[in-house]
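Commentary on secondary and tertiary structure
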Amino acid sequence: MKIAPSILSANFLKLEEEVSRINVSGADFLHIDVMDGHFVPNLTFGPAIVEQIKQVSTLPLDIHLMVENISFFVDLFALLTPRFLSFHIEEEKHIHRIVQKIRDYGISPAVVVNPHTPLELLKYILPDVDMVLLMSVNPGFGGQKFIPATLDKVRQLREMIDDASLRCLIEVDGGVSDLNARELFDVGADILVAGSYIFGSTDYQEAVCKMRKS
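By the naming in an unreviewed UniProt entry, the protein goes by Ribulose-phosphate 3-epimerase and is assigned to Helicobacter enhydrae. In its Catalytic activity (unreviewed entry) section, the UniProt record describing the protein reads: "D-ribulose 5-phosphate = D-xylulose 5-phosphate".

As structure tokens, this is what we get:
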């Protein structure tokens, strides 16, 4: 199980300190939610801020685009060479074109689906992506409660991936903590994104450790 703390829940007044604490927490990736105020009702980080984060992070970046005009944002953030660059299939008409564009940058492409989006829409793109991010809350804000139906969705997606003998990872984002980490692992999740659970704790290393132990 890999763990990716979401910087969205960090104290922005102490961002360098927060990233430094995550560096030694035992986490595997640093998850960055990029929101444009159009696809979701919130604004977060531009490329200049993420570039500063990258300079102090020792963890690979996992950038999640919650934006319209996806191709434009891919060009902006691909220059920061994240490990994963993901976008929402609900917003893009030419999904395969964007996936190939991300891969041409030497970055692992990933697609994201909202809680209400059916998995059938992934059928013909799964062989071309390295990861699927399943939202377990409605995107836009941190601190929301986990949607229980996500567990069945993870299970179904794992079956789709295994039946096709693919090497696609499953990431889950939203309301994740030590209370549901084991359930998500058991149904097939590979990477868990945790924001308020980790950044709301007093000891980030202990929080990451508790998720793994669970």
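We are not done yet, so read on.
Digging into the pattern of salt bridges
Evaluation of the coordinates by the stated rule reveals nine salt bridges. For the salt bridge of Asp152 with Arg155, the shortest nitrogen-to-oxygen distance reads 3.1 Å. Highlighted residues: Asp152 and Arg155, both in helix α5 (residues 150-163), separated by three residues, approximately one helical turn. Note on Asp152: relative accessible area 39%, which makes it partly exposed. Residue Arg155 is classed as partly exposed on the basis of its relative accessible area, which comes to 37%. Residues joined in a network through salt bridges with shared partners are Arg158, Asp162 and Asp190.

A few points about the packing of aromatic side chains
Going through the model one piece at a time under the given rule, you end up with five aromatic pairs. Taking 5.2 Å as the distance between ring centres and 65 degrees as the angle between the ring planes, the aromatic pair formed by Phe199 and Tyr204 counts as edge-to-face. We classify Tyr204 as buried; its relative accessible area is 4%. Among the aromatic residues, those joined into a ring-pair cluster are Phe72, Phe73 and Phe77.

Details of the environment of Asn114
As for its position among the elements, Asn114 is in the loop between β5 (108-113) and β6 (131-135). The buried category is assigned to Asn114, whose relative accessible area is 8%. Ignoring sequence-local partners within four residues, the contact set of Asn114 consists of Phe39, His88, Glu90, Met135, Pro139 and Lys153.

A word on the pairing of β5
On a regular strand, one side chain projects to one face of the sheet and the next to the other, so that they alternate. Most of β5 is tucked away: six of the six residues are buried. Both faces of β5 are covered, namely the face carrying Ser108, Ala110 and Val112 and the face carrying Pro109, Val111 and Val113. Direction of pairing for strand β4 (residues 84-88) relative to β5: parallel, over a ladder of five bridges. The residue of β5 that forms the bridge with His88 is Val112. With helix α4 (residues 95-104) bridging β4 and its parallel neighbour β5, the resulting β-α-β unit is right-handed. Here four bridges tie β5 to β6, and the two strands are oriented parallel to one another. Across the sheet, the residue bridging to Val112 is Leu133, located in β6.

Considering the sheet that holds strand β8 (residues 191-194)
In space, the eight strands of this open sheet follow the order β1-β8-β7-β6-β5-β4-β3-β2, with parallel pairing throughout. A single partner strand is all that each edge strand has here, and the edge strands are β1 (2-5) and β2 (30-35). Strand-to-strand twist across the sheet, computed as the mean angle between neighbouring axes with direction ignored, equals 25 degrees.

Some remarks on the environment of Gly142
By the element assignment, Gly142 lies in the loop between β6 and α5. For Gly142 and Phe84, which are 58 residues apart along the polypeptide, the C-alpha to C-alpha distance reads 20 Å.

Definitions and cut-offs
- Residues numbered from 1 in each chain as written.
- Predicted model: local features only at pLDDT ≥ 70, side-chain atom pairs only at ≥ 80, totals over all residues.
- Heavy atoms only, no water.
- UniProt positions renumbered as here; feature names shortened; annotations may be inferred.
- Salt bridge = Lys/Arg side-chain N within 4 Å of Asp/Glu carboxyl O.
- Helix = DSSP H or I, 4+ residues; strand = E, 2+ residues; numbered from the N terminus.
- Buried < 20%, exposed > 50% of the residue type's maximum accessible area, 1.4 Å probe, protein only.
- Phe/Tyr/Trp six-rings, centres within 6.5 Å; stacked < 30°, edge-to-face > 60°.
- Contact = heavy atoms within 4.5 Å.
- Pairing = 2+ DSSP bridges.
- Right-handed = clockwise from strand over helix to strand, strands pointing away.
- Axes fitted to C-alpha atoms, helices over the stretch in contact; angles between N-to-C directions.

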